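Structural characterization, general
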Amino acid sequence: MQAHIPSIMEIIGFGPRGWGLALLLATGVTFAVALSGFALGAVFGIMGARAKLSRRRWARTSADVYTTVLRGLPDLLIIYLFYFGGSVLLTSIARFFGSSQFLGLPAFLTGTLALGIVAGAYQTEVLRGAYLAVSTGQAEAAKSLGLSRWHTFRLVLAPQILRFALPGLGNIWQLVLKDSALISVTGLVELIRQAQIGAGSTREPFLFYVVAAALYLVITSASSSAFRLAETRSYRGVARR
Amino acid sequence: MIDFAFFADTFRQLLGGMPLTLALTGIATVAGLILALVLAAMRLSSNRFFDWPARFYIFCFRGSPLLVQIFLIYYGLSQFPELRRSILWPYLRDPFWCASLALSLNTAAYASEVFRGGFLSVPKGMVEAARACGMSRSLTFRHIIAPLALRQALPAYGNEIILIVKASSLASTVTLMEVTGIAAGIIAETYRPIEVFICAAAIYLTVNFIVTRAVQAAEYVITPERRS
């Protein structure tokens, strides 16, 4: 009797032998790790931009070192640092408390940290540029109207900074999304890792990597439309030349 | 306590990966540059049979991660028996050529947009003036359009070269032992991630520093009017 050779649709479909659901879930993991990395990057980015604009010299210098080093190194190297560094740290802490167990950081956390610290370096530059693009007259006018420092920032400066930063942030989001593929080396079952597993067990590597690439294209093109929409929205009420 | 002997030993081992990192970067830069210029020309063409394929190519290569492109070429292509029988097989079987190919194709997509922007930045009036002075199309291109476009594109293209240096680290995922691959190996062996990371970081930052300086020097050479 001839063995049943599954068709392409059977392999990537949602049937009992299909990989469709697994691939979709993995796409969700990719999206989630990229999103949390991007959000952590925003925290680092805000701190970095504040440091770069600070009057204190040591703050400016350390922010300069941060952005130069993190933007100049391969992301894969940084992921390895967090992956191995996290487990060395955890294991030594555990040993201090008398455990001889080998411990590792959860892969999702490693990924978020590594992506966040890289994205933060890029976001520092974008946010700094956007802050400088808001004219100083705006802050002075708000102050003369009697707004407190916090209100000036929240009501006058922040919306404008965000408006100028949106295009740059959109680029960084795309970068983080694609960089998240590298987290697969730590064993996190995101899109690439799932495609590897599928390719290995069906011996259809071409099919699985093409499907993975297509799913990435769907996310990247959907998010670039979302950013375009947000950009138009951020300009409502502004006369555009 | 700093273990200088370990640092020196790690550094020596990592430097052994340099030729591979530089070879990948060099091949991808040159091949990517040629392909990028072709793609930019296609994108600028008013004929949509040139424009659309280039658009699609750029969309695919910029919208998906380099890692999936490397895996697609290295693992995916071997699935086809026709390819395995072809004369290209000795190259497509080799991880070095697969990684070089993926890097070149990937960087071409990004760089073509840089060059397209450069060409679009050339003022129309300059071209019209050159034509009005009686310069032929090829002369106008060589003496007016190309130099101006290059000046505009060079800083962004410099960033692109640094991205290639960084991207060459992905070759370690297809068994090539370049600097990052060796670093990961040493870390897994010794469990001293910080020290190894510092050595590898020093190497990459040095390479990128040299690239930045070289691009600045090239910028100085091609913009005589900006020198004071």
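Residues numbered from 1 in each chain as written. Chains lettered and ligands numbered in written order. Predicted model: local features only at pLDDT ≥ 70, side-chain atom pairs only at ≥ 80, totals over all residues. Heavy atoms only, no water.

Here's the deal with the overall build of chain A
Scanning chain A from terminus to terminus reveals nine helices and zero strands. Overall, chain A shows an N-to-C arrangement of helices and strands of α-α-α-α-α-α-α-α-α. In terms of C-alpha radius of gyration, chain A reaches 23 Å, well past the compact-globule figure of 18 Å for 241 residues. Its C-alpha atoms put chain A at 85 × 55 × 30 Å along the principal axes. The buried share of chain A, taken over its 241 residues, is 45%. Sequence separation of at least 24 residues holds for 72% of the intrachain contacts in chain A that already meet a minimum separation of 6. Accessible surface for chain A amounts to roughly 13,300 Å². Of this, 65% is attributable to carbon and sulfur atoms. (Helix = DSSP H or I, 4+ residues; strand = E, 2+ residues; numbered from the N terminus. Rg over C-alpha atoms; globule rule 2.2 N^0.38 Å. Buried < 20%, exposed > 50% of the residue type's maximum accessible area, 1.4 Å probe, protein only. Contact = heavy atoms within 4.5 Å. Areas by Shrake-Rupley, 256 points an atom, 1.4 Å probe, with all protein chains shown as cover.)

Some thoughts on the pattern of salt bridges
All told, the structure shown has 12 salt bridges over all chains when counted by the stated rule. A salt bridge links E113 of chain B to R43 of chain B, with the shortest nitrogen-to-oxygen separation between them at 3.8 Å. Remark: R43 of chain B occurs in helix α2 (residues 18-44) and E113 of chain B occurs in helix α7 (residues 95-120); sequence separation between them is 70 residues. Here E113 of chain B and R43 of chain B have matching classes, each one buried. Residue R151 of chain B is joined to E225 of chain B by a salt bridge in which the shortest nitrogen-to-oxygen separation is 3.1 Å. In this pair, R151 of chain B sits in helix α9 (residues 137-167) while E225 of chain B sits in the segment after α11 (193-222), placing the two residues 74 residues apart along the sequence. Looking at R151 of chain B, the relative accessible area reads 22%, which means it is partly exposed. Residue class for E225 of chain B comes out partly exposed when judged on its relative accessible area of 48%. Residues joined in a network through salt bridges with shared partners are K52, D64, R71, E125 and R128 of chain A. (Salt bridge = Lys/Arg side-chain N within 4 Å of Asp/Glu carboxyl O.)

Remarks on the nonpolar core
In terms of nonpolar packing, the biggest core is built from 120 residues, with I78 of chain A together with L14 of chain B touching the most fellow members. Broken down by element, this core gets its largest block of residues, 11 residues, from helix α9 (residues 205-234) of chain A. Leaving out residues up to four positions away in the same chain, L14 of chain B has contacts with V179, I182, A183, I186, V196, C199, A200 and I203 of chain B. (Core = buried A, V, L, I, M, F, W, Y, C linked by side-chain atoms within 4.5 Å.)

Focus on the UniProt feature "transmembrane region" (unreviewed entry) in chain B
All names here are of chain B. Residues annotated in UniProt with the feature "transmembrane region" (unreviewed entry) correspond here to residues 20-44 and 56-77. A distance of 35 Å separates the end C-alpha atoms of residues 20-44, which is 100% helix and 0% strand. Note that residues 56-77 is 86% helix and 0% strand, and that its end C-alpha atoms are spaced 21 Å apart. (UniProt positions renumbered as here; feature names shortened; annotations may be inferred.)

Side note on the UniProt feature "domain: ABC transmembrane type-1" (unreviewed entry) in chain B
Following the UniProt record, one finds the feature "domain: ABC transmembrane type-1" (unreviewed entry) at residues 18-215 of chain B. When the span residues 18-215 of chain B is considered, its composition is 83% helix and 0% strand, and the gap between its end C-alpha atoms is 20 Å.

So, the side chain of S64 of chain B
Topologically, S64 of chain B is positioned in the loop between α3 (48-63) and α4 (66-76). Contacts of S64 of chain B, omitting those with residues within four sequence positions, involve K178, A213, Y216 and L217 of chain A together with Q69 of chain B.

Brief notes about the interface of chain B and chain A
With 35 residues of chain B in contact, the opposing surface of chain A contributes 37 residues. Both sides of the chain B and chain A interface together cover about 3,100 Å² of buried area, and 80% of this is carbon and sulfur. Of all residues in chain B, K166, Y191 and F197 of chain B bury the most surface against chain A, accounting for 19% of the area lost on that side. Across the chain B-chain A interface, the total number found is zero salt bridges. Here chain B is connected to chain A by eight residue pairs in polar contact (both at pLDDT 80 or more). Listing elements by their share of the side of chain B that touches chain A, those giving two or more residues are α3, α4, α10 (179-190) and α11 of chain B. In terms of residues, the side of chain B that touches chain A owes the most to one element, α11 of chain B, which gives eight residues. (Buried area = accessible area lost by both parts, 1.4 Å probe. Polar contact = N/O pair within 3.5 Å; in protein donor to acceptor, adjacent residues only side chain to side chain.)

With respect to the packing of helix α1 (residues 4-15) of chain B against α10 of chain B
Helix-helix packing is described using two parameters, namely the angle between the two axes and the distance between the axes. All names here are of chain B. Between α1 and α10, the least distance of the axes is 9 Å, while the angle of their chain directions is 140°. Taking contact as the criterion, the partners of F6, T10, Q13 and L14 in α1 are, on α10, V179, I182, A183, I186 and T190. A per-class count over the contact of α1 with α10 returns six nonpolar, three polar and no charged. (Axes fitted to C-alpha atoms, helices over the stretch in contact; angles between N-to-C directions. Nonpolar A, V, L, I, M, F, W, Y, C, P; charged D, E, K, R; others polar.)

Here we look at the packing of aromatic side chains
This model, assessed by the stated rule, comprises 18 aromatic pairs over all chains. Aromatic pair Y83 of chain A and F84 of chain A: ring centres 5.1 Å apart, planes at 65°, arrangement edge-to-face. Take Y83 of chain A: its relative accessible area is 31%, and that puts it in the partly exposed class. Ring-pair connections join several aromatic residues into one group, and the members of that group are Y80, Y83 and F84 of chain A together with Y191 of chain B. Lying across the ring of Y235 of chain A, R163 of chain A places its NZ or CZ 5.3 Å from the centre. Above the plane of the ring of W52 of chain B lies R48 of chain B, whose end atom (NZ or CZ) is 5.5 Å from the centre. (Phe/Tyr/Trp six-rings, centres within 6.5 Å; stacked < 30°, edge-to-face > 60°. Lys NZ or Arg CZ within 6 Å of the ring centre and 35° of its normal.)

Some remarks on the packing of helix α3 (residues 57-72) of chain A against α11 of chain B
Contact geometry of α3 of chain A with α11 of chain B gives a least axis separation of 9 Å together with a crossing angle of 95°. Between α3 of chain A and α11 of chain B, the angle is such that the two are roughly perpendicular. Between α3 of chain A, through T68, V69 and G72 of chain A, and α11 of chain B, the contact on the second element is made entirely by Y204, L205 and N208 of chain B. Of the residues belonging to the contact of α3 of chain A with α11 of chain B, the class tally is three nonpolar, three polar and no charged. (Parallel < 35°, antiparallel > 145°, perpendicular 65-115°, else oblique.)

Re the confidence of the model for chain A
A low pLDDT means the predicted coordinates there should not be read in detail. Here chain A averages 90 in pLDDT, while 97% of its residues score no lower than 70. When mean pLDDT is compared element by element in chain A, helix α2 (residues 20-52) of chain A scores highest at 95, while helix α1 (residues 8-12) of chain A scores lowest at 75. (pLDDT = per-residue confidence, 0-100.)

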